[in-house]
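# Analysis of the macromolecular model
So the chains spell out like this:
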Amino acid sequence: MGAWLIGVALQLQRSQLGSLTQDGAIALCVLGLAAVVAVWPRPWPTVPRRVLCCLAWGLAGWTVANAHAHWRLSQALPSALEARDIQLTGVVATLPQLGPLGLRFVLEVDEGSLAGLQRAARDEAPTLQRSAPQRLALSWSNGSQWPGARAAPAVPNVRAGERWQFTVRLRQPHGLFNPHGFDRELTLFEQGVRATGTVREGQRLQSDAGYRLQGWRQRVRDGIEAAVPDVHTAGVLTALAVGDQGAIETDDWGLFRVTGVSHLMSISGLHVTMFAWLAARCLGWLWRRSPRAMQWCAAPSVARWGGLLAALAYAAFSGWGVPAQRTVWMLAVVTLVGSGGRRWPWPWVLLAAAVVVTALDPWALLQPGFWLSFMAVALLMMSSEPAGSSALNEAPPAAGQGVVPAVRGAARSVAQAVADGARTQWIATWGLAPLSLVFFKQVSMVGLVANLVAIPCVTLLITPLALLGVVWSEFWLWGAWCVQQLKHFLALLATWPVAVWTVPAAPWWAQCSGLLAGALWMMRLPWAMRALSVPLVLPLLWPATSAPAWGEFEVLAVDVGQGTAVGVQTAHHWLLFDAGPRYTSDSDAGQRVLLPLMQSLGHRRIDRLMISHRDSDHIGGAATLLQGLPVGSFWSSVEPLHPVHQVAQVLGVPVQRCEAGQSWQWDGVRFDVLHPLPQDYALPLRPNAMSCVLRVGTSRASVLLTGDIEKSQEAALVARQGAALASTVLIVPHHGSRTSSTPDFLARVQPEVAVVQAGYRNRFGHPVATVMQRYERRGVVVHTTPQCGAWRWRSTEPARQARCERDAGRRYWHWRPEAEIIDEAALERVERQGGPDEHPHAPPH
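Presented here is an overview of the structure given in this document.

With that settled, the discussion passes to the sheet that holds strand β25 (residues 803-804). With mixed pairing, eight strands are arranged side by side in an open sheet as β16-β15-β14-β11-β10-β9-β24-β25. In this open sheet, the two strands that pair with only one neighbour each are β16 (655-657) and β25. The sheet contact formed by strand β11 (residues 574-577) and strand β14 (residues 608-611) spans three bridges and is parallel. Bridging from a neighbouring strand, L576 pairs with L609 of β14.

See the structure below:
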């Protein structure tokens, strides 16, 4: 069974799939050979037979995962249908999420509507033979760019389980692609969402009888929001009752992550397992009360299967999320094994559960929750007390021994339960710490204390109250009070020094060494062998990070969507040029992209944060960065009264205005500010015209960072700098707008490579086709972040051989470029039809 998991893991490493016929033929040939060997009457040696058996299991896992992948890819949205108005009919299949910019929800498209999509695809491109997607992730904007949180939306009240007719604009799933970043495209692929889009208009038709459960979940969420006035507290109760994680506010998620209790605030394996255990205990107790029922079927069997059915019902009511699904399949395997009358070793039980889970969802192997769940159970099994060696097996006091012995026995039972709970939490916290460092690059140092209180509080108190509130809403008020007290306790823990230990991303060998260390430490082995875990875990706790040599530098053009953020690293310094866009009123590139990226790369300080100008797609994440990391100095062309300046001053960060003529050297690398001129600050210029322009380089290589300068500023730079503008790499001005990248400017810069930072199918049409043609005529290699992801180049290597993260880490579920550049005529048609279909800085959703 372990070979099955290896086969699935190998299939998940494929960058692209072969044809279904070829993949199927190879698998059938090898599996047929293994079957012939297995039934051949002549005796075979044990070793070859086991090798062929493992090969058969591995090929079976590979084949099943491959079949899942082919089926899921067949539902891709044809590129011919992107950015077109399409009419769809379907059912709202999930609870709509109300955000600052509007609603988000998943739509299950009707088959009749799918047929219409297929006809449209055939009319547009007759060679397309793919089916249209059945699940769509849609957003419906409320028409306001920066509304306050929880503002009343200008869109109709969309509710789960309702049937609607929408006019939408769709696009293929596309997410940001940065080193060690979140893989949004994998998440959508695993969920079966094969297109995203925006609603232009919609009409409610009716409620769908097949989605009554979703309608019930909707009514429960509405009831909690009506009964609990505090939005933050209501969000936690909603998440625990119906699995709506989007109801939890952003700052609450931050508190839960710091204290290590995030796993409790969603319908996780712990909640489903606890619910199944309680249901089994209650059902078994009731069943034993009836002699006739006991004669019909044994109580342990009834309790076991009743607990599984209860877990299935609870997981379905909570939204049937992927973690809940995995837990149900695990419980089903354990129930089947127990019902078979055989006692399997616990590693075999875990392997069987893993096989079932990956057979239904191969991509679970890439999810942290899968490994955390299985490793937690494995660690508890490995570290369990030998049978018969502890007070766990002590018999309760016999009847008639008196009240005092009975009280003492009850006290011992309570004390033993508390000790067992503390021991279990100790094992889970420190045994899983290496796995947390591998997946999340951090571990909560207060997580042990926080979970000792939070696990019983959430599992045994808050979650039952959230569910009982369905019967009587007064329970929700009691649950809200418990949530508030728990949050006060967690907030106190979060103020402790070094509440979170963060590490850079470690190489694969250091990750394996750290995981082995965690297993050794928790096994029941002699302490001399456990001591080996200390040197094994050190490479994971303090991984080595690579930095350029003295006199060299590295450039990282971050994929932030429609915005700019470029990091420049020298031997001992880090400069960040621009901070990306602000996505919503409570989310920006600093929080979602740049801080996690810098943590994974090992940058604990920004020596200089330079913001080119005040546009939100350049300054959006600046305040978050100033508050999240030590910043040596803050340079910009932004007016002194801007809120970001005030944040810097409050934090004591030195503020400097960027002016042409400023220069400095770090580790043998020269930095020169080329624009704006000092006198420009006295003129009423547009923000783009005030963009800071920075040239970084050595005698062998250089990069020119341009912000959003336009034709006039380019002409002025050509006049002042002349041949001194020459640079190996050019960060394309103004995201490839038609107002920049003039021929004279390109003739002076003479770049070998140009990098465009823009959003996928953004409303501005960046980069514009005519501008890209100018670069192509000069033989310049152009990389766009939607196609390339983050672009990474070290000055010691040729610029044309720089690394595109999307190419280096591509897997078959990732978006592939077909015709990314939007021509100007198409852009004009879109504008005539009603303007942009989404906010220019909207994050991927």
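This is not the end of the story, as more comes after the structure.
Let us now look at the packing of helix α19 (residues 508-522) against helix α21 (residues 533-541). Contact pair α19 / α21: the axes reach a minimum separation of 7 Å and the direction vectors enclose 145°. For the element pair α19 and α21, the recorded crossing hand is left-handed. Touching W509, A510, Q511, S513, G514, L516, A517, L520 and W521 of α19 are S533, L536, V537, P539 and L540, all from α21. Its residues assigned to classes, the contact of α19 with α21 shows ten nonpolar, four polar and no charged.

To continue, consider the nonpolar core. Ranked by internal contacts, the top residues of the largest apolar core, which has 37 residues, are F256, M265 and I462. Breaking this core down by element, the ones donating at least two residues are α6 (212-227), α7 (231-242), α8 (250-259), α17 (447-468) and α18 (474-494). If you tally residues by element for this core, the top one is α18, at eight residues. Beyond its immediate chain neighbours, meaning those up to four positions away, F256 contacts V236, I248, V261, S262, M265, K487 and L490.

Attention now goes to the state of the cysteines. As enumerated under the stated definition, the model contains two disulfides in all. In this model C658 forms its disulfide with C692; the gap between the sulfur atoms is 1.8 Å. Linking C658 and C692, the disulfide has an S-S dihedral of approximately -55° and is accordingly described as left-handed. With a gap of 34 residues between them, C658 in the loop between β16 and β17 (663-666) and C692 in the loop between β18 (669-675) and β19 (693-697) connect regions that are remote in the sequence. In this structure C692 comes out as buried when scored by relative accessible area, which is 0%. The side chain of C788 participates in a disulfide bridge whose partner is C804; the two sulfur atoms lie 2.0 Å from each other. Looking down the S-S bond of the C788 and C804 bridge, the torsion is -105°, so its handedness is left-handed. Here C788 is found in helix α29 (residues 785-788), whereas its partner C804 is found in strand β25, with 16 residues between them in sequence. Of the two residues, C788 and C804, both sit in the buried class. Ordinal numbering of bonded cysteines along the protein defines a disulfide pattern of 1-2, 3-4.

The rules behind each value
- Residues numbered from 1 in each chain as written.
- Predicted model: local features only at pLDDT ≥ 70, side-chain atom pairs only at ≥ 80, totals over all residues.
- Heavy atoms only, no water.
- Pairing = 2+ DSSP bridges.
- Helix = DSSP H or I, 4+ residues; strand = E, 2+ residues; numbered from the N terminus.
- Axes fitted to C-alpha atoms, helices over the stretch in contact; angles between N-to-C directions.
- Left-handed = near helix turned anticlockwise from the far one by under 90°.
- Contact = heavy atoms within 4.5 Å.
- Nonpolar A, V, L, I, M, F, W, Y, C, P; charged D, E, K, R; others polar.
- Core = buried A, V, L, I, M, F, W, Y, C linked by side-chain atoms within 4.5 Å.
- Buried < 20%, exposed > 50% of the residue type's maximum accessible area, 1.4 Å probe, protein only.
- Disulfide = S-S within 2.5 Å.

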